[in-house]
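Here are the chains, one letter per residue:
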Amino acid sequence: MYCLIPKKSEYDLTGGCGAVDVLHSKTQSWWREAKFGMFIHWGLYALLAGEYRGLRTENIAEWIMHDLRIPPREYERLAERFNPARFDANRVVSLARRAGMRYVVLTAKHHDGFAMYHSQVSGYNVAEATPFGRDVAMELRRACDEQGLKLCFYYSQAQDWHDPDGIEENVPATGKNFRRYLDRKCVPQISELLTRYGDIGLIWFDTPMDMTREQSQELYDLVKSIQPDCMVSGRIGHGLGDYMSTGDNFIPLLPRPGDWEVPATINGTWGYNRFDARWKSPEALIRNLVKIVSRGGNYLLNIGPDAMGEAPERSERALEAIGEYLRRGGEGIYGCDPTPVYPYDIPWGYLTCKPRRLYIHVLEDIEEVYLLNIANEPVWACLLADGAELDLVRRTTCEGDSSWRIRMPRSERRPAGQVIRVEIREERPIFEPIRD
Ligand code: FHN
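Residues numbered from 1 in each chain as written. Predicted model: local features only at pLDDT ≥ 70, side-chain atom pairs only at ≥ 80, totals over all residues.

**Student:** Explain the domain arrangement of the protein to me, using residue names and the numbers behind them.
**Tutor:** When the domains of the protein are assigned, the result is domain 1 (12-332) and domain 2 (349-424). On a C-alpha basis, the centres of domain 1 and domain 2 stand 37 Å from each other. The interface of domain 1 with domain 2 comprises 13 residues on the first partner and 13 residues on the second. For the side of domain 1 that touches domain 2, the elements supplying multiple residues, two or more each, are α11 (282-295) and α12 (313-329). (Domains from an automatic or database assignment. Contact = placed C-beta atoms within 7 Å. Helix = DSSP H or I, 4+ residues; strand = E, 2+ residues; numbered from the N terminus.)

Now the structure itself:
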């Protein structure tokens, strides 16, 4: 038998948040507060931009080497042409900051095996193998320090299509010695990233493939032995991460206790693909951010810079719009707890919460907010954008349900979204189940 309606315990997550702090103490408070980060997928694949020798990839662009079966010796020659003269770390980090993002995760090494930092372990890196000759990670380090964002690194720990002993999905590992790859490249490179680039917020491991529990544990311990405060993503494998990473672009349907993050794209690819046109609208991205936060997660949203080092203009515009929303209503995002399940579908927005505060995200141009089944006692309500007090009418309907009604001030109604803060007497929102 399956159950369409959440069980009572799933509705009532009110006790969950305090407990989460105790249960998931491995997660850093900065990350819990942050809620929103920038993923940067950038590497040699940006040069191909989704096409190789007239063939277009139908998959995500950073997989082009694998998908179009480009031999490593041929793919590595892309490095000779990699010269992204317009890359400006300050500009990228400033974009993230203006978008309201609090952390940046650079693909220090993706599955293609190419390092986007100056590695002493392998010459196959951006500083040594390209005419560009600069250390992207170091430049981002400085920009993050200047602008107050956390720097984090993505590292593909199992897949390495360049190293003869690295794993490649759907390619037999005959004759490979994974241990050799771990010792020769993976472990030393992770150590470099954690010793030469200052405090790192987290290492975003990915695609553990067939790594054993011991191997995942070894990498986890390695990170903690060098930087105990550096977090480890869920994709280290075997449930050993400090938080859970959902499937790419997958948002849990219900509030979920614990620490988790949704890695997501703005269009249909992570690496740059000039043919991809699957852009999500700024409104859809804002909706995703609010939805994820209301369910208790973080949103790690990607940009894929092109071969010149610039993020696509559509990404920039989308991020600017999210930033605008967060400047108006960020208090209803940063540091929020998962909101208990509200029993009705709200087409125009979402609810988020903090102790003694309920935030109503009004994402559509509606004249009034009308909510049933809220048993909290409101103390006062205001629009976050300007602090203007709002009239909240609380009454019991003729059917006996509790209700709140708030008129949206005309001059302040904006389609891009507004956030209302309601201070409540109780610690947490109390949503009553639908009566029988
Ligand atoms: O294979 C990768 C993919 O290229 C991309 O890096 C994403 C980001 O979450 N992770 C893997 C697929 O899930």
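**Student:** So what about α12? Which residues, and what values?
**Tutor:** Owing to its 3.6 residues per turn, the α-helix brings residues three or four apart onto one side. Its 17 residues give α12 an end-to-end C-alpha distance of 24 Å, which sits within 8% of 24 Å, the value for a rise of 1.5 Å per residue. Within α12, burial applies to S315, A318, L319, I322, Y325, L326 and G329. An end-on view of α12 places all buried positions within 115 degrees of arc, on one side of the element. Among the exposed residues of α12, those pointing more than 90 degrees away from its buried face are E313, R317 and R327. Against α7 (89-99), α11, β10 (298-303), β12 (357-362) and β18 (418-424) lie the buried residues of α12. (Expected span 1.5 Å × (residues − 1). Buried ≥ 20, exposed ≤ 12 C-beta atoms within 10 Å, placed from the backbone. Arc of directions from axis to C-beta.)

**Student:** Describe the pairing of strand β11 (residues 349-354), naming the residues involved and giving the relevant values.
**Tutor:** A regular strand places its side chains so that they alternate between the two faces of the sheet. Most of β11 sits inside the fold, with 5 of its 6 residues counted as buried. Bridging between β11 and β12 involves 6 bridges; their strand directions are antiparallel. Residue T352 lies in a different strand from β12, and its bridge partner there is Y359. Following β11, the chain reverses through 2 residues before pairing antiparallel with β12; R356 in that reversal takes a positive phi of roughly 65 degrees. (Pairing = 2+ DSSP bridges.)

**Student:** How would you summarise the sheet that holds strand β7 (residues 231-232) if you had to cite specific residues and measurements?
**Tutor:** The parallel open sheet is built from 8 strands, whose spatial order is β7-β6-β5-β4-β1-β10-β9-β8. Each edge of the open sheet carries a strand with a single partner, namely β7 and β8 (244-245). Here strand β1 (residues 36-40) runs beside β10; their pairing, made up of 5 bridges, is parallel. The residue of β10 that forms the bridge with F39 is N302. Contacts between helix α8 (residues 136-147) and the sheet are confined to β4 (103-109) and β5 (150-156), with β4 contributing the most and set at about 170 degrees to the helix. Relative to the sheet, α11 contacts β1, β9 (260-264) and β10, its axis offset from that of β10 by approximately 150 degrees. (Axes fitted to C-alpha atoms, helices over the stretch in contact; angles between N-to-C directions.)

**Student:** Explain the nonpolar core to me, and be specific about the residues and the numbers.
**Tutor:** Counting residues in hydrophobic clusters, the biggest one holds 118 residues, and the most contacted among them are V104, V105, L106 and F153. The element best represented in this core is helix α9 (residues 178-195), accounting for 7 residues. The contact partners of L106, leaving out residues within four places of it in the chain, are I40, M116, V136, A137, L140, F153 and Y154. (Core = buried A, V, L, I, M, F, W, Y, C linked by C-beta atoms within 7 Å.)

**Student:** Which residues make up unusual backbone geometry, and what values do they have?
**Tutor:** The residue R53 is not glycine, and still its phi comes out positive at about 45 degrees. Turning to its location among the elements, R53 is positioned in the loop between β2 (51-52) and β3 (55-56). One non-glycine residue, N373, adopts positive backbone phi at about 65 degrees. One can find N373 in the loop between β13 (368-372) and β14 (378-383). When the 18 C-beta atoms within 10 Å are taken as the criterion, N373 is described as partly exposed.

**Student:** Let's hear about the sheet that holds strand β16 (residues 392-396): which residues, and what values?
**Tutor:** Each strand in a sheet pairs with another by means of backbone hydrogen bonds, the pair being arranged parallel or else antiparallel. As summarised here, the arrangement of the 3 strands in space is β13-β17-β16, forming an open sheet in which the pairing is antiparallel. At either end of the open sheet lies a strand with only one pairing partner, and these are β13 and β16. If you compare each strand with its neighbour and ignore which way they point, the axes differ by 15 degrees on average. Judged from the 5 bridges that link them, β13 and strand β17 (residues 402-407) form a sheet pairing that is antiparallel. If you follow V369 over to β17, its bridge partner there is I406.

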